[in-house]
Amino acid sequence: MKTLANIEKGFEGSIVEIKTNRDDIIRKMMAMGVFPGSSVKVIQTFPSYVFQVGYTQIAVDKEIADTILVK
Amino acid sequence: MKSFNDVETLNNNESIIDEKVLERKEAEKIVLVGTPNVGKSVLFNRLTKSYVTVSNYPGTTVEVSRGKGIIGNKEYEIIDTPGMYSFMCITEEEKVTKRLLFKEKPDAVIHVIDAKNLERMLPLTFQLIESELPVLLVLNIMDEARRLGLKIDVRKLEEKLGIPVISTTAALNEGIDTLKERIDKYVNRV
Amino acid sequence: MSIGSDTIYDDTIENAIKGIEASLEKDYIISKRALSLLLLQEDEDSLEEIKEREKENYLKIISIVEETKNKYERPLTFVISSYRQKYAKTLTDNVMVKTETNKKSFSETLDKIMLNPITGVPIALLVLYFGLYKFVGQFGAGVIVDFLEGNIFEAYINPWINNILNDYVSWEWLRTLIGGDYGIITLGIRYAIAIVLPIVGTFFFVFSIIEDSGYLPRLAMLVDRLFKKIGLNGRAVIPMVLGFGCDTMATMVSRTLETERERIISTLLLALAIPCSAQLGVILSLLSGEPKALLVWLIFIVVVFLFIGYLAAKVLPGEEPLFYMEMPPLRLPKLSNVLVKTYTRMEWYFAEVLPLFILISVFIWFGNIIGIFSVLVNIFRPFVTAIGLPEEVSEIFLFGFFRRDYGAAGLFDLVKGGILSARQLVVASATLTLFVPCVAQFVMMIKERGLKTAIYIAAFVFVFSFFAGYALNWILITTGALV
């Protein structure tokens, strides 16, 4: 299974899961509208990760990108 | 949270008559809420004429801005709050907003959202409705939504949510008059 | 109550809500349904609230929450949010249609260029160069300040005030309190209006444009990886950029950072290594005659910024901050909004800062009367000579505390007098850049971080700036890079 942190720029697919025990990450992602099932598009992978969900672009660091499983 | 307590002290220590007098003296309040980057501050500027306190900073509104504005033929106190995503607070700013929402007893709460992000921003509208706050939904930045080819059936959304829904482009002064009319009607409903 | 005619949550949650609602006996400002939902999600504030108020039913409510929690694999906050999101999707699909596929717009192309580090970093430097250096530094701090200072205050207001004082006030102490070199009007108000107002005004103008264009989140994303190394995250770029305008204001804005650790680190870095626009303007024009000296100064400040940030991150305990940020689309700023913002910020700034300047001029007036300055200058002297600078610089350091740019401006005179060599000029500028924040910033540090932290930071900055100046001097002499 791939995460946002190890996927190439330009990838389009959907979010499978947000895999983490950290409550703060889950809360933050939900607040931004990042849910399993949302379609996702990877805009950028360096120096930080930028992806698009719906009409929103979100930038996250590697720690958070590592928790977002996609397919 | 402190604000929950306040209601009890009010109920216990003051007679109902006193409370009513108190309420009449205060200007009616309108609170703007929403996430950062939805044009809340611009809308605030459109609704207010004079500033009492303003100090907003990038992305977040550090301090709460209050201004006075005339809607219909009444003067209101209009309050712009720090960005808030959800009632489950993550940041200090959200806590400030949540506290303010309940403490100020607003006569109207205007939830400002970025129209194209309707889907992502509706959950906060639900939470405001669930809290039984007097909420109006403003679909702002309509010009960008239009540019993306998005069309929103405002009437249908209104029907589904059971609250007034108004579309605006605050930066271009679009829909502001309609918004004012709707606020006036909503606050003075029986 | 549900939204409109639809229900959002499943039966398990609805039943839990009903159970909790029934157990809530007291009155709450928030509706019982909303409170129940918050309790199910274990919202700290709400739990505390009912623990205090629902003494008898508290345990009953907690057991409902626990029971419900056990029925799901994921945390309830996740479950509840998912239901809301699902309903939001249903609603949106119901009321929103997409009529045409959008063509790639110019702003999207521009966005790509800004996000890519190869093109994004040069753009960031260009924005800083034109926005800060050219517009704020040269136009605001140069042209406008010169006009207001020279043509208005020094030509009209100051002589006028001093004449009135000389003619009508017989007490010397009152004359020097209001006029003269350090008077409330001739120093305090003049400084606020003729120097700070144009600099801060032009800075706020540029900053509002940058802010409204949506550029800041892009900048935050670019620097996040680097800032992580110094215990901050990309969000801290906002106070840091503001610091180039006014460190006092930036120190205040650092309260928007999420953890106390980040706030302390950024307060320290602002006090130490971020020159404010007033100081930057003077130092840049001072060093621009010697490109090599300018380069040495620049490298030195960047190294100190990163090195001290790195050390602070190592020394201060605490979790590494997470970075997440929504990136709004790039928008063309509207002039009217930019102007309103600039105006209201200046208004606020003035209300906040003018009393401070008046206080400072009173303080200087008082210090002058009791002769404390010559004592302080004597204390500075051995440090100043130790870093290879002539004695005369001591006084400049003292004044640097009261007015960052005043200190730097004092260097001007020494350079004109031919007292300083290129090496001494760099060492003096560098040490002065690091050296103690101005009084206003120090007061803000106390206000925001508390007296103890503020004093620790100021003491560290004081000691470190001389130490670093000494090291720089030594390096320059040994390598013979500058003579």
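Everything numeric in this text was worked out from a predicted model, so none of it was measured.

Enumeration according to the criterion identifies ten cavities of 30 Å³ or more in this entry. Taken as a whole, the largest cavity spans an internal volume of roughly 250 Å³. Residue lining of the largest cavity: 24 residues in total, with Met30 and Ala31 of chain A together with Tyr85, Ser86 and Gln127 of chain B positioned closest to the centre. Secondary-structure elements contributing two or more residues to the lining of the largest cavity are α1 (23–31) of chain A, β5 (108–114) and α5 (118–130) of chain B together with α5 (76–95) of chain C. Among the elements that take part in the lining of the largest cavity, α5 of chain B stands out by supplying five residues, more than any other.

Here we come to the side chain of threonine 20 of chain A. Residues and elements named next belong to chain A. Relative to the assigned elements, threonine 20 resides in the loop between β2 (12–18) and α1. On the accessibility criterion, threonine 20 (18% relative accessible area) is buried. For threonine 20, the side chain forms a polar contact with the main-chain nitrogen of arginine 22, separated by 2.9 Å. Among residues more than four places away in sequence, those in contact with threonine 20 are Ile25, Ile26 and Thr67.

The partner chain B presents 60 residues to the 63 residues of chain C that form the contact. In this assembly, chain C and chain B are joined by five salt bridges. The shortest N-O distance in the salt bridge between glutamate 130 of chain B and arginine 84 of chain C comes to 3.2 Å. Across the contact surface, chain C and chain B share 13 residue pairs in polar contact (both at pLDDT 80 or more). The greatest single-element share of the side of chain C that touches chain B, amounting to ten residues, is contributed by α5 of chain C. Of the residues belonging to the side of chain C that touches chain B, the class tally is 29 nonpolar, 14 polar and 20 charged. Relative to strand β1 (residues 96–98) of chain C, strand β7 (residues 150–152) of chain B runs antiparallel, the two being bridged by three bridges. Opposite lysine 151 of chain B, over in β1 of chain C, you have valine 97 of chain C as the bridge partner.

Further remarks concern the interface of chain B and chain A. The partner chain A presents seven residues to the nine residues of chain B that form the contact. Buried surface at the junction of chain B and chain A, summed over both partners, amounts to about 850 Å²; 64% is from carbon and sulfur atoms. Among the residues chain B hides against chain A, the three largest losses belong to Tyr85, Ile90 and Arg120 of chain B. Together they make up 55% of the total.

Residue and element names in this part refer to chain B. With five of seven residues buried, strand β4 (residues 74–80) lies mostly within the body of the structure. Where strand β1 (residues 28–33) and β4 come together, five bridges link them in parallel fashion. Counted as the bridge partner of leucine 32 is aspartate 80 from β4. Both strand β3 (residues 65–71) and β4 contribute to a ladder of seven bridges, which runs antiparallel. Within β4, the position partnered with isoleucine 71 by the bridge is lysine 74. In this structure, the hairpin formed by β3 and β4 is closed by a connection of two residues, where glycine 72 is found at a positive phi of approximately 65 degrees.

So, on to the confidence of the model for chain C. The pLDDT averaged across chain C works out to 86; a share of 95% of its residues lies at or above 70. Per the prediction output, this complex has pTM 0.81; the corresponding ipTM is 0.93.

Now for the layout of surface pockets. All names here are of chain C. Its volume calculated, the second largest pocket comes out at about 1200 Å³. The wall of the second largest pocket is formed by 33 residues, among which Leu125, Leu128, Phe244, Leu298 and Val302 lie closest to the centre. Every element with two or more residues in the lining of the second largest pocket is listed here: α7 (117–168), α10 (215–229), α11 (237–243), α14 (277–287) and α15 (291–315). Grouping the constituent residues of the lining of the second largest pocket by class yields 32 nonpolar, no polar and one charged.

Procedures and definitions
Residues numbered from 1 in each chain as written. Chains lettered and ligands numbered in written order. Predicted model: local features only at pLDDT ≥ 70, side-chain atom pairs only at ≥ 80, totals over all residues. Heavy atoms only, no water. 1 Å grid on protein atoms, 1.4 Å probe; cavity = no way out; pocket = protein on both sides within 12 Å on 5 of 7 lines; lining within 4 Å. Points joined across faces, edges and corners; volume = space filled by probe spheres on them. Helix = DSSP H or I, 4+ residues; strand = E, 2+ residues; numbered from the N terminus. Buried < 20%, exposed > 50% of the residue type's maximum accessible area, 1.4 Å probe, protein only. Polar contact = N/O pair within 3.5 Å; in protein donor to acceptor, adjacent residues only side chain to side chain. Contact = heavy atoms within 4.5 Å. Salt bridge = Lys/Arg side-chain N within 4 Å of Asp/Glu carboxyl O. Nonpolar A, V, L, I, M, F, W, Y, C, P; charged D, E, K, R; others polar. Pairing = 2+ DSSP bridges. Buried area = accessible area lost by both parts, 1.4 Å probe. pLDDT = per-residue confidence, 0-100.

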